[in-house]
Amino acid sequence: MSFDFNLIVQSLPLLLEGALVTIEITAIAVSIGFLLGLFVSICRLSGVKIVQFIAVSYVNIIRGTPMLVQIFLIYFALPMIVGQRIDPFVAAVAACSINSGAYVSEIFRAGIQSVDKGQMEAGRSLGLSWGQTMQYVILPQAFKHVIPPLGNEFISMTKETSLVSVIGFEELTRRGQLIIAKTYGSFEIWITVAAIYLVMTFGIARLVSYLERRFATDDRN
Ligand code: ARG
């Protein structure tokens, strides 16, 4: 087997363009997933039975089915109901965001429940409402506990977006496949694709540890 280094050099611009698209979907999906997850976790802890039931069902359905199938459902099955083709970008972002929201909601639920329940009682006894205590007392404390698992989710999502290549959306993995279809350089291209993912996830890991140092003051000290 001969290793064609030139192929890597020639393909790099195209792959990096794909990587940019990967970063774009990941950033949007994680941001929407963050808001969705926060909302769902609060619904789940709200104490209102029907709201809790909907929140739990959402998490169970999304976590219990493969993201690949969810992508197919949104891209191929949903258009049959709405009677209109869905843009691959919209389908990709929607699938990743809805999927991420379920995982993020569990992260937030754990974070919120890690705050001593006396904090809620203290807030309430000072005359704050449930919502105000959540916003001003519980969430700021929960937030620092959820930075490491949220970082994990960010890294997971970066890699999971490779699944949207199945609907022909040209992110990094799809770009790799397309280049290989033309050049047959499987080895060179997959190694490069892997290296680019590694650089991205390593960058995120560094960013997360910075945020952790910045915000997550350790209660034990
Ligand atoms: N690939 C797995 C699946 O299809 C894991 C998805 C993980 N998603 C996440 N947001 N962390 O279900």
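Since the model is a prediction, treat every value here as computed from it, not as a measurement.

S.K.: Could you give an account of the overall build of the chain, with specific residues and numbers?
M.R.: Scanning the chain from N- to C-terminus turns up 8 helices and 0 strands. Secondary structure elements of the chain occur, N-terminal to C-terminal, as α-α-α-α-α-α-α-α. Each of the three principal axes of the chain carries a C-alpha extent, and together these read 70 × 50 × 20 Å. In the chain, which comprises 221 residues, the proportion classed as buried is 39%. The contacts in the chain between residues at least 6 apart in sequence include a share of 75% that link residues at least 24 apart.

S.K.: Can you explain the UniProt feature "transmembrane region" (unreviewed entry) in the chain? Please cite residues and give values.
M.R.: UniProt records the feature "transmembrane region" (unreviewed entry) at residues 20-43, 55-78 and 189-211, using the numbering of this structure. The span residues 20-43 is 100% helix and 0% strand, and its two end C-alpha atoms sit 34 Å from each other. The distance separating the terminal C-alpha atoms of residues 55-78 is 22 Å; by composition the span is 88% helix and 0% strand.

S.K.: Run through the site of the ligand, naming residues and quoting values.
M.R.: Around the ligand, a shell composed of Thr 65, Pro 66, Met 67, Asn 99, Ser 100, Tyr 103, Glu 153, Ser 156, Met 157 and Glu 160 is seen. The separation between an oxygen atom of the ligand and a polar main-chain atom of Met 67 is 2.7 Å. In the model, a nitrogen atom of the ligand is placed 2.7 Å from a nitrogen or oxygen of the Glu 160 side chain. Summarising the interface, the protein chains cover 77% of the accessible area of the ligand, which totals 340 Å² for the free molecule. Mapped by element, the contributors of at least two residues to the shell around the ligand are helix H4 (88-113) and helix H6 (130-160). For the shell around the ligand, the element with the most residues is H6, which contributes 4 residues. When its residues are assigned to classes, the shell around the ligand shows 4 nonpolar, 4 polar and 2 charged.

S.K.: Lay out the layout of surface pockets with the relevant residues and their values.
M.R.: Empty space among the atoms can be located by rolling a probe the size of a water molecule over them. Put simply, the largest pocket is a space of about 250 Å³. Lining the largest pocket are Val 30, Ser 31, Phe 34, Phe 143, Ile 147, Leu 150, Gly 151, Phe 154, Leu 207, Val 208, Leu 211 and Phe 215. Per-class residue counts for the lining of the largest pocket are 10 nonpolar, 2 polar and no charged. One number sums up the size of the second largest pocket: a volume of about 160 Å³. Lining the second largest pocket, in full, are Leu 45, Ile 112, Gln 113, Val 115, Asp 116, Lys 117, Met 120, Trp 130, Met 134 and Ile 138. Those elements giving two or more residues to the lining of the second largest pocket turn out to be H4, helix H5 (117-125) and H6. For the lining of the second largest pocket, the leading source of residues is H6, giving 3 residues.

S.K.: Go over H5, please, and point to the residues and values.
M.R.: Residue Asp 116 occupies the N-cap position of H5, its side-chain oxygen lying 2.8 Å from the main-chain nitrogen of Gly 118. Looking at the residues trailing H5, positive phi occurs at Gly 127, about 95°.

S.K.: I'd like to hear about the environment of Leu 14, residue by residue, with values.
M.R.: When you line up the elements, Leu 14 lands in helix H1 (residues 5-44). In this structure Leu 14 comes out as partly exposed when scored by relative accessible area, which is 39%. Each C-alpha atom, one on Leu 14 and one on Ile 179, is 8.6 Å from the other, the two residues being 165 residues apart in sequence. Setting aside its immediate chain neighbours within four residues, Leu 14 contacts Arg 175 and Ile 179.

S.K.: Can you tell me about the pattern of salt bridges, naming the residues and giving the values?
M.R.: Tallied over the entire structure, the rule returns 5 salt bridges. Across the pair Arg 109 and Glu 106 runs a salt bridge whose closest N-O atoms are separated by 3.0 Å. Here the residue Arg 109 and the residue Glu 106 both occupy positions in helix H4, the gap between them amounting to 3 residues, near one helical turn. A relative accessible area of 18% places Glu 106 in the buried class. For the salt bridge of Glu 170 with Arg 175, the shortest nitrogen-to-oxygen distance reads 2.7 Å. Given a relative accessible area of 33%, Glu 170 falls into the partly exposed group. In this structure Arg 175 comes out as buried when scored by relative accessible area, which is 15%. Connected through shared salt-bridge partners, Arg 44, Arg 63, Glu 106 and Arg 109 make up one network.

The rules behind these values
Residue positions are given per chain, counted from 1 along the sequence in the order it is written. For a predicted model such as this one, the threshold for reporting local features is a pLDDT of at least 70, and the threshold for listing and counting side-chain atom pairs is 80 or more; totals across whole chains, interfaces and linings nevertheless cover every residue. Here the side-chain values reflect all heavy atoms present in the structure, with hydrogen atoms and water set aside. By the criteria applied, helices consist of DSSP H or I runs no shorter than four residues and strands consist of E runs no shorter than two, each listed in order from the N terminus. Using a 1.4 Å probe on the protein chains alone, a residue whose accessible area is under 20% of its type maximum counts as buried, one over 50% counts as exposed, and one in between counts as partly exposed. Any two residues having at least one pair of non-hydrogen atoms within 4.5 Å are treated as being in contact. UniProt positions are given in the numbering used here, feature names are shortened, and annotations may be inferred rather than shown by experiment. Here a residue counts as near a molecule or strand whenever at least one of its heavy atoms sits within 4 Å of it. Pairs of N or O atoms within 3.5 Å make up the polar contacts considered here, provided that, within protein, one atom can donate a hydrogen while the other can accept it, and that residues adjacent in sequence are counted only when both atoms are side-chain atoms. With residues, only the protein chains shown are counted as cover, and all accessible areas are computed by Shrake-Rupley using a 1.4 Å probe. Any residue outside Ala, Val, Leu, Ile, Met, Phe, Trp, Tyr, Cys, Pro, Asp, Glu, Lys and Arg is labelled polar, Gly included; the first ten of those are nonpolar and the last four are charged. Throughout, the protein atoms alone are placed on a 1 Å grid, and a set of points is a cavity if a 1.4 Å probe fits but cannot get out or a pocket if it is open with protein on both sides within 12 Å along at least five of seven lines; lining residues have an atom within 4 Å of a point. Grid points are joined across faces, edges and corners, and a volume is the space filled by probe spheres set on the points. When a carboxyl oxygen of Asp or Glu is within 4 Å of a side-chain nitrogen of Lys or Arg, the pair counts as a salt bridge.

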